[in-house]
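Examination of the molecular architecture
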Amino acid sequence: MIQLQNVTLTFPDGENRITAVDNVTLRGTNGTVTGITGPSGSGKSSILAVAATLLRPDSGGVLIGNSSDMTDAAQLSKHEATQLRRERIGIVFQQSNLLPALTAREQLQVMARLGGGTSRNQRAKIDARADELLDAVGLTEHAGKRTHQLSGGERQRVAIARGLVHEPEVLLVDEPTSALDQERGAKIMELISRLTHERDTATLLVTHDLGHRDTLDDLVTVVDGRITTPIAGGAPTR
Ligand SMILES: Nc1ncnc2c1ncn2[C@@H]1O[C@H](COP(=O)(O)OP(=O)(O)OP(=O)(O)O)[C@@H](O)[C@H]1O
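Now for a look at the structure at hand. All of these numbers come straight from a predicted model, not from anything done at the bench.

A closer look at the overall build of the protein
When helices and strands are counted, the protein shows six helices and 10 strands. Since a compact globule built from 238 residues should have a radius of gyration of about 18 Å, the 17 Å found for the protein is in line with a globular shape. When its C-alpha atoms are laid out on the principal axes, the protein stretches across 50 × 40 × 40 Å. Counting contacts in the protein only where the partners sit at least 6 residues apart, residues at least 24 apart contribute 69% of the total. Accessible area of the protein: about 11,200 Å², with a carbon and sulfur share of 46%.

Listed below in structure tokens is the structure:
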């Protein structure tokens, strides 16, 4: 589970500060995809960056885990936050940031080794997991291809597999369909939904595109940094 609790985030804006996230409380539970939608500039990516521990909020908590093993990521040092991210959070952000020199399989192996050990046994386990995930996203045949040899949809699938290879509890996805046509976008959303349910991750997914509403388990709308509408059993607001 991930829960943002009364999170506020501001950025410097000349002599003032702009409030990008305004007292947001939002919960993502295991095995569900929670969509976050809203107009451009409303604070969606900022919410995701706080959830990813990439930005520390001015105030509020970022609770990760279940009640027996709960961490407030907002209280961690930079080093501790990096460690938490490598072990417990999967990130699939815009422009999937795949490394051009690596094959699809290597992208996953490198990511998994950052969080795991380097013994021969651990490496073998990581390699097996990378192959299993490439299979889960339908890319076994493309495992040896480098980034420029893959289509946009294939790159997005590698990015999703990479986000899951260290078996995170939380998966954070920013606009996964923005570079894809309707059909490929629908496939990516179905893939994220299936993997979230199968792997029991708490997935937060930012999207403009409500054409894929059916693949979201919950949906919240952000306007001016605030959550305005929990829809159909959506997350709580404050
Ligand atoms: N690094 C930054 N420095 C200053 N202001 C920022 C920074 N990042 C975001 N902002 C501001 O914070 C607000 C929220 O931005 P954010 O990127 O979170 O919105 P968004 O809903 O994700 O937008 P979009 O849908 O266009 O990606 C905006 O007013 C934006 O200009």
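What to know about the pattern of salt bridges
This model, assessed by the stated rule, comprises nine salt bridges. Ionic pairing is found between Asp 22 and Arg 226, a salt bridge with its closest N-O pair at 3.1 Å. Placement of the pair is Asp 22 in strand S2 (residues 16-28) and Arg 226 in strand S10 (residues 226-231), with a sequence separation of 204 residues. Of the charged contacts in the structure, one is a salt bridge between Glu 132 and Arg 199, with a shortest N-O distance of 2.8 Å. In this pair, Glu 132 sits in helix H4 (residues 120-136) while Arg 199 sits in helix H6 (residues 182-199), placing the two residues 67 residues apart along the sequence. Classification of Glu 132 as partly exposed rests on a relative accessible area of 39%.

Digging into the nonpolar core
Core analysis: the largest hydrophobic core is formed by 32 residues, its most contacted members being Leu 108, Val 158, Ile 160, Leu 195 and Leu 205. When residues of this core are traced back to their parent elements, those giving at least two are helix H3 (104-115), H4, helix H5 (152-164), strand S7 (170-174) and H6. For Leu 108, the contacting residues outside a window of four places in its chain are Ala 130, Leu 133, Leu 134, Val 158, Ala 161, Arg 162 and Val 165. Counting 30 residues, the second largest nonpolar core, distinct from the first, contains Val 21, Ala 81, Leu 84 and Val 206.

Observations concerning the site of the ligand
The environment of the ligand is formed by Phe 11, Ile 18, Ala 20, Pro 39, Ser 40, Gly 41, Ser 42, Gly 43, Lys 44, Ser 45, Ser 46 and His 208. A distance of 2.8 Å separates an oxygen atom of the ligand from a polar atom in the side chain of Lys 44. Interatomic distance of 2.8 Å between a backbone N/O atom of Ser 45 and an oxygen atom of the ligand. Protein burial of the ligand: of its 640 Å² of free accessible surface, 61% is covered by the chains. Mapped by element, the contributors of at least two residues to the shell around the ligand are S2 and helix H1 (44-51). Here the element with the most residues in the shell around the ligand is H1; it accounts for three residues.

What counts, and at which threshold
Residues numbered from 1 in each chain as written. Predicted model: local features only at pLDDT ≥ 70, side-chain atom pairs only at ≥ 80, totals over all residues. Heavy atoms only, no water. Helix = DSSP H or I, 4+ residues; strand = E, 2+ residues; numbered from the N terminus. Rg over C-alpha atoms; globule rule 2.2 N^0.38 Å. Contact = heavy atoms within 4.5 Å. Areas by Shrake-Rupley, 256 points an atom, 1.4 Å probe, with all protein chains shown as cover. Salt bridge = Lys/Arg side-chain N within 4 Å of Asp/Glu carboxyl O. Buried < 20%, exposed > 50% of the residue type's maximum accessible area, 1.4 Å probe, protein only. Core = buried A, V, L, I, M, F, W, Y, C linked by side-chain atoms within 4.5 Å. Near = heavy atom within 4 Å. Polar contact = N/O pair within 3.5 Å; in protein donor to acceptor, adjacent residues only side chain to side chain.

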